Every structure is written in structure tokens, then in C-alpha cells.
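Fold and geometry: a report
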Amino acid sequence: MAAPSSAAATPLSPVVVPLWAWALLALALFGVYLLLQENGALLTQAQAGYLHELTHDARHALGVPCH
Amino acid sequence: MRFSHLLRHGALAGAVAGVSAASVLWLVVEPVIRRALAVEDARPSHEHAHEELVTRGQQVVAGILTAGIVGVLFGVAFAVVFAKARHRLPGRTDQGRVAVLAAIGYAVFILLPALTVPANPPSVGDPDTVTRRTLLYLLTILVGALLAGLLFAADRWLGGRVGRDAVRRTAVVLLGAAAVTALLVVMPAPDPIPGDVPAALIWDFRMASLAQLAAMWGALGLVFGLLVDQEEATVREPVAV
């Protein structure tokens with residue numbers, strides 16, 4: 001007998017997650033990458049340098065490794 | 001529960017999270033960054049200041065905006081993961097399930113990398129090691145996310161074999177603690193702190209950074225939980241006029 005006492009009275013039916021939601025998730029994480037991590041892997045050095053300086057304070061504050 | 005509604009709630013909760021994070025950045029973190037920049041300016045080798053791409057004012061404003069946008073992006077990502085994981089998360093209410101997921105997110109994305117590659121103010125990082133530190137940081141998050149999934153799987157596996165909930169939960173927590181300890185032992189140490197940076201500055205910055213991130217994840221979990229609960233309530237009792 002392993003009745004999970006913590007389970008809700010009525011089991012929840014799974015939410016239907018459309019396929020495009022995963023693309024959206026990837027897009028959101030990619031946006032976070034661009035803002036906080038991009039240091040020249042995708043953009044040119046000059047563009048990445050500018051982006052890095054612009055988002056500099058947030059990168060430090062959000063605990064992301066920075067120069 | 002419709003996915004499109006969850007997504008809307010996620011974006012809204014993310015916006016509140018972003019505003020919270022931006023406020024703490026401005027009020028708590030920026031004063032510490034100013035102290036760090038003073039240390040940097042005092043260095044004789046500080047010559048690259050002449051080729052500055054953006055002004056300090058632009059950096060402050062753009063930093064606040066960045067924190068806000070990151071909040072919205074995390075809110076959207078949170079909604080997708082919550083929609084997928086909702087029926088498996090522990091908790092009797094949606095508010096409880098959201099709180100559990102937000103706590104897991106804070107542990108995986110914030111606390112774990114804060115232990116392996118702690119936040120540092122300007123004036124500390126060595127530009128030559130930024131790629132290595134970034135990889136360690138991302139690797140920590142990846143391992144943390146895998147570990148969270150593994151612990152859920154272990155919980156389900158033990159559920160069929162261990163009768164008592166308390167014993168099962170204790171076993172899962174011990175497993176997680178052992179895995180985190182192993183990760184911390186294996187991970188190489190990041191850069192040393194330069195001698196001219198006061199220890200108090202490092203401490204204040206790390207606390208301020210964690211406070212900002214706690215504000216972000218706390219606001220995300222609270223507002224999203226409230227919105228989802230509100231939706232559940234209207235579904236349960238349709239218009240009690």
C-alpha cells in the first residue's frame with residue numbers, strides 16, 4: 001500500500017501544451033542568453049562588446065559571469 | 001486550465017518580477033557597484049576607460065531595463081514549464097504548486113550557480129577567464145535542472161516501494177544533498193579575488209545580488225500563483241451572482 005497522502009483529492013488532468021509553446025520557451029531562453037551571456041559567440045566582437053557594456057550592470061547584478 | 005491563460009498570467013507575473021528586480025537593482029545593487037567602480041578607478045592600470053562605449057548613465061538605465069526584460073522572459077518560460085509540470089508538482093492548491101516550482105527554479109538557476117561561480121562586482125573578474133566561468137555557470141544550471149528531474153523520478157520510483165511518505169521524502173532530500181555536495185567538490189574554483197577589493201564589498205555585492213534575484217523569483221511565484229488561483233476559483237464557482 002503506497003497511497004500518496006499528499007495527492008490532491010481529484011487528480012489533475014494535464015494542461016494541453018501546444019507545440020509552439022516550446023518554440024516560445026526556447027525563444028525566451030535565447031533572449032535571456034543574448035541579454036546576459038552573449039560575449040561574441042553569435043555577434044561580431046564590436047556588437048557583442050556594445051551589448052555587453054549596455055547590459056553590464058544587470059549582468060553583474062543577476063550573478064552572471066562578466067569580464 | 002487553458003494554456004493561453006497560463007501564458008498570459010506568466011507574462012504579467014514576469015513583468016511584476018522584472019519591475020521588482022529592477023527596483024532592487026537600482027536601490028540596493030547600484031550603490032555597491034559604485035563602490036566597486038571606485039576601486040577600479042583607483043588602479044594605475046585603469047587605462048581602458050578612454051575607449052568607453054557607453055556612459056555610466058546609459059549603463060544604469062539599460063541595466064534596469066535589462067533586469068525588467070529578463071523578468072518577463074523568465075515569466076513566459078515559467079508558464080510553459082508550469083503548464084507541463086502542473087499535474088506532477090506536489091501541493092494541494094495551484095498556489096502551492098507554483099510556489100514549489102518557483103523554489104525549484106530559484107534553487108537551480110540562482111542558488112546552485114551562486115555556490116559554484118558566485119556573483120562578483122565589477123573590478124573582480126579576469127577577462128581572460130570569462131568563457132571558462134560562463135561554461136562552469138551554465139554547466140551548474142544544467143546539472144541542477146537534470147538533478148531536479150532525477151529527484152522527481154526517484155520520488156515516483158520510491159513511491160511504489162516505500163510505504164511511508166516521510167521515509168520517502170527523507171530519502172529524496174538526502175539524495176539531493178549528496179548530489180549537490182558531489183557537484184561542489186568536483187567543480188573547480190573560479191578566479192581569485194584581487195587584493196585591492198575589500199572583502200566587505202564582495203559580501204555586500206553577493207548579498208545584494210541574491211536579494212535582487214530573490215525579489216525576481218519571489219514576485220514571479222507570488223503573482224503567478226495568485227493569478228492561477230484566481231482562474232481556478234472562477235472555474236470552480238462560475239459567477240456567483
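The structure reproduced in this document is the subject of the present report. (Residues numbered from 1 in each chain as written. Chains lettered and ligands numbered in written order. Predicted model: local features only at pLDDT ≥ 70, side-chain atom pairs only at ≥ 80, totals over all residues. Heavy atoms only, no water.)

Section: the overall build of chain B
When you go through chain B residue by residue, the secondary structure sums to six helices and zero strands. Counting from the amino terminus, chain B carries its helices and strands in the arrangement α-α-α-α-α-α. Buried positions account for 43% of the 241 residues belonging to chain B. Long-range contacts, defined as pairs at least 24 residues apart, comprise 84% of the intrachain contacts of chain B with a sequence gap of at least 6. Roughly 12,400 Å² of accessible area belongs to chain B as shown, and the carbon and sulfur atoms make up 69% of that amount. Both charge centroids of chain B, one from 20 positive and one from 18 negative side chains, sit 15 Å from each other. (Helix = DSSP H or I, 4+ residues; strand = E, 2+ residues; numbered from the N terminus. Buried < 20%, exposed > 50% of the residue type's maximum accessible area, 1.4 Å probe, protein only. Contact = heavy atoms within 4.5 Å. Areas by Shrake-Rupley, 256 points an atom, 1.4 Å probe, with all protein chains shown as cover. Lys, Arg positive; Asp, Glu negative; His and termini not counted. Charge placed at Lys NZ, Arg CZ, Asp CG, Glu CD.)

A short note on the nonpolar core
All names here are of chain B. One finds F3, F78, F82, M216, W217 and F224 to be the most contacted residues of the largest nonpolar core, which totals 67 residues. Two domains share this core, each providing at least three of its residues, namely domain 1 (1–42 + 57–123 + 195–236) and domain 2 (125–192). Leave out the neighbours within four places in its chain, and F224 touches L6, H9, G10, A13, F78, A79, F82, V98 and A219. (Core = buried A, V, L, I, M, F, W, Y, C linked by side-chain atoms within 4.5 Å. Domains from an automatic or database assignment.)

Quick notes on a nonpolar patch on the surface
All names here are of chain B. The grouping of L139, L142, V143 and L146 at the surface amounts to a nonpolar patch, some 360 Å² of accessible area in total. With respect to the helices and strands, L146 occurs in helix α4 (residues 130–159). Overall, the relative accessible area of 60% leaves L146 in the exposed class. (Patch = residues over 30% accessible without salt bridge, like charges linked within 9 Å, V, L, I, M, F, W, Y side chains within 5 Å. Salt bridge = Lys/Arg side-chain N within 4 Å of Asp/Glu carboxyl O.)

Examining the packing of aromatic side chains
The geometry of two aromatic rings is summed up by the distance between their centres and the angle between their planes. Residues and elements named next belong to chain B. Applying the stated criterion across every chain, the model contains eight aromatic pairs over all chains. Judged by centre distance (5.8 Å) and plane angle (75°), the ring pair of F74 and F109 falls under edge-to-face. With F74 in helix α2 (residues 56–85) and F109 in helix α3 (residues 94–116), the pair connects residues that are 35 residues apart, well separated along the chain. Residue F74 is classed as buried on the basis of its relative accessible area, which comes to 14%. Relative accessible area serves as the criterion here: at 29%, F109 is assigned to the partly exposed category. When the centroid spacing of 5.4 Å and the interplanar angle of 55° are considered together, the rings of F74 and W217 count as tilted. In this pair, F74 sits in helix α2 while W217 sits in helix α6 (residues 199–236), placing the two residues 143 residues apart along the sequence. Within the aromatic cluster, the residues linked to one another by ring pairs are F74, F78, F82, F109, W217 and F224. (Phe/Tyr/Trp six-rings, centres within 6.5 Å; stacked < 30°, edge-to-face > 60°.)

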